[in-house]
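# What the coordinates show
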Amino acid sequence: MTLRFRLTFWYTLLLAVVLLLFAVGFQAVVARALYGEVDDMIQSQAERVVAVFEANIDPMRSRLPIPAIVFASQVFAQASTLQGTVIDKSPGMGDQMMPLPEEMRERNLAGESGFYTWQGDGVTLRVFSTPVHSPEGQVVATVQVARSLDTIDSMLKIARLALLVGGGIAVALAAIGGALISSAALRPLNQIADTTSRIVRAEDLDQRIEGVYPDDEVGQLASTFNEMMGRLQDLFNTQQRLVADVSHELRTPLATIQGNVDLLQRGAAQDPAMLSEGLEAIGHEVARMTRLVRDLLLLAETDAGVRLILKPVELDTLLLEVYREALLMADGRVRVRLGHEDQAQVQGEPDRLKQLLLNLISNAIAYTPPGGLVTLSLHRRPDGWVRVTVADTGVGIAPEDLPHIFDRFWRVDRARGRAAGSSGLGLSIAQSIAEAHGGSISVESKPGQGSTFEVLLPL
Ligand code: ADP
């Protein structure tokens, strides 16, 4: 069963029930009012007749009061003795007698009045029967005043029919309207379903849902969906790029190894000098691939959110260690200096934090020409953060390259970078480590003047 059908069905059913309750209630109130008016009217007429009888006055000089008092059409009156002999009656009755049920006669004899409904000869009468007392207080006669209910009954019948037909038409119109409205309201959902199935069928992540009102609930669903698709597409593209990059990075060392193996097989192995050169080249490439695979594993681990085993780390001590390694790395080619150094302790994994700093420092040394200066410093900030900076006086980074340098496999000069043994993963790794520790990394650089990398870690 479609949502559209269910919505329309329940909405129509609810409306029909409400209309039915309304019609029944309305009919009951109107009937009560109309019947009540009849009762009031016949009772008051009867009381007037009785009053005249009991006062023994002759209104309008006629011998008996009824013809003079009761002259409304469809109203009949009759006065009878206790034996049932008719004394007086309204002219409209002709030869007819108004029957008085035994039970009512007895009540009248006991001095009580009452209403009853009488049905006969295709007419329905509402009757009020009341006793007439003698001056001594004895019941001497009865008076009945009646009115036909036929007009009221047929009026109520017409009203019932009108409510039924009108209600039926209203329900039918509501059902049609409801179906139209719900299908219009659900159209964007169909559109979403269509787009989704197109994406699934064609594996086309470019598709987006369009033409939906952005502010309503469905529009919000659509925009969330579009956002999700954008994110999926990014992830998918990143993954594809990563696979392409990894295979590309592995192809070069593999080709070198293959070339050297071919050379050695073709006889170079006989020459000790060429053998050792070939083996050295192979060893070099294997080491490079090992580094690459290690870096990738490290990145995959941080991506997968592998939990760090945190413990207190004296960052100043760690920086000192890194500084000593940097001196070895620089080998006198560039100067390495320890700048400002506060004492600071952070929660972290010492090996990872060391790797972060070494990545930054090895870059700083690599991209600084001989004679340049690399400065390490550590500031403990009053706002609860530690700031570690690695500043160099090297080649710097062009503004258009800055947004990319933390991307995986990204190098300013691809060919030269690869030849120099860089993988383009160093900064991505540094960034993931900083973020895994709840920190961040940023860079400021002026081409030709140098770069400063800044790492912020929570104390
Ligand atoms: P790589 O393994 O090539 O060093 P990174 O991710 O560490 O990869 O760095 C990406 C690129 O950013 C480098 O190829 C280099 O062009 C640039 N870069 C990184 N650090 C510096 C620096 N201190 N000075 C100038 N350029 C830098």
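Quick look at the structure, then.

Quick notes on the rules
- Residues numbered from 1 in each chain as written.
- Predicted model: local features only at pLDDT ≥ 70, side-chain atom pairs only at ≥ 80, totals over all residues.
- Heavy atoms only, no water.
- Helix = DSSP H or I, 4+ residues; strand = E, 2+ residues; numbered from the N terminus.
- Contact = heavy atoms within 4.5 Å.
- Phe/Tyr/Trp six-rings, centres within 6.5 Å; stacked < 30°, edge-to-face > 60°.
- Buried < 20%, exposed > 50% of the residue type's maximum accessible area, 1.4 Å probe, protein only.
- Axes fitted to C-alpha atoms, helices over the stretch in contact; angles between N-to-C directions.
- Parallel < 35°, antiparallel > 145°, perpendicular 65-115°, else oblique.
- Left-handed = near helix turned anticlockwise from the far one by under 90°.
- Nonpolar A, V, L, I, M, F, W, Y, C, P; charged D, E, K, R; others polar.

### Here's the deal with the environment of Val443
- With respect to the helices, strands and loops of the structure, Val443 is situated in strand S11 (residues 440-446).
- Between the C-alpha atom of Val443 and that of Asp392, which follows or precedes it by 51 residues, the distance is 11 Å.
- Discounting chain neighbours no more than four positions away, the residues touching Val443 are Ile397, Leu402, Ile405, Phe406, Thr452 and Phe453.

### Overview of the packing of aromatic side chains
- Applying the stated criterion across every chain, the model contains five aromatic pairs.
- Pairing Phe5 with Phe9 gives two aromatic rings, centres 6.2 Å apart and planes at 15 degrees, and the pair type is stacked. Pair noted here: Phe5 and Phe9 are both in helix H1 (residues 3-55), with a separation of four residues, about one helical turn.
- Overall, the relative accessible area of 47% leaves Phe5 in the partly exposed class.
- Both rings, one in Phe9 and one in Trp10, keep their centres 5.3 Å apart while their planes meet at 80 degrees; by these two values the pair is edge-to-face.
- The partly exposed category is assigned to Phe9, whose relative accessible area is 39%.
- Judged by its relative accessible area of 53%, Trp10 falls in the exposed class.
- Through a chain of ring-to-ring contacts, the aromatic side chains of Phe5, Phe9 and Trp10 assemble into a single cluster.

### Quick look at the packing of helix H5 (residues 217-265) against helix H6 (residues 272-303)
- In contact at an axis separation of 9 Å, H5 and H6 are set at 165 degrees when each is read in the N-to-C sense. With respect to H6, the axis of H5 lies roughly antiparallel. Remark: the crossing between H5 and H6 carries left-handed chirality.
- Residues that form the contact of H5 with H6 fall into these classes: 18 nonpolar, four polar and three charged.

### Here we look at unusual backbone geometry
- Even without glycine at this site, Asp331 takes up a positive phi of about 55 degrees.
- Tracing the backbone through its elements, the reader meets Asp331 in the loop between helix H7 (315-330) and strand S7 (335-341).
- Phi is positive for Phe409, which is not a glycine, with a value near 65 degrees.
- Looking at the secondary structure, you find Phe409 in the loop between strand S10 (385-392) and helix H9 (414-419).
- On the basis of relative accessible area, Phe409 is assigned to the buried category, the value being 1%.

Nothing here speaks to function; it is all geometry.
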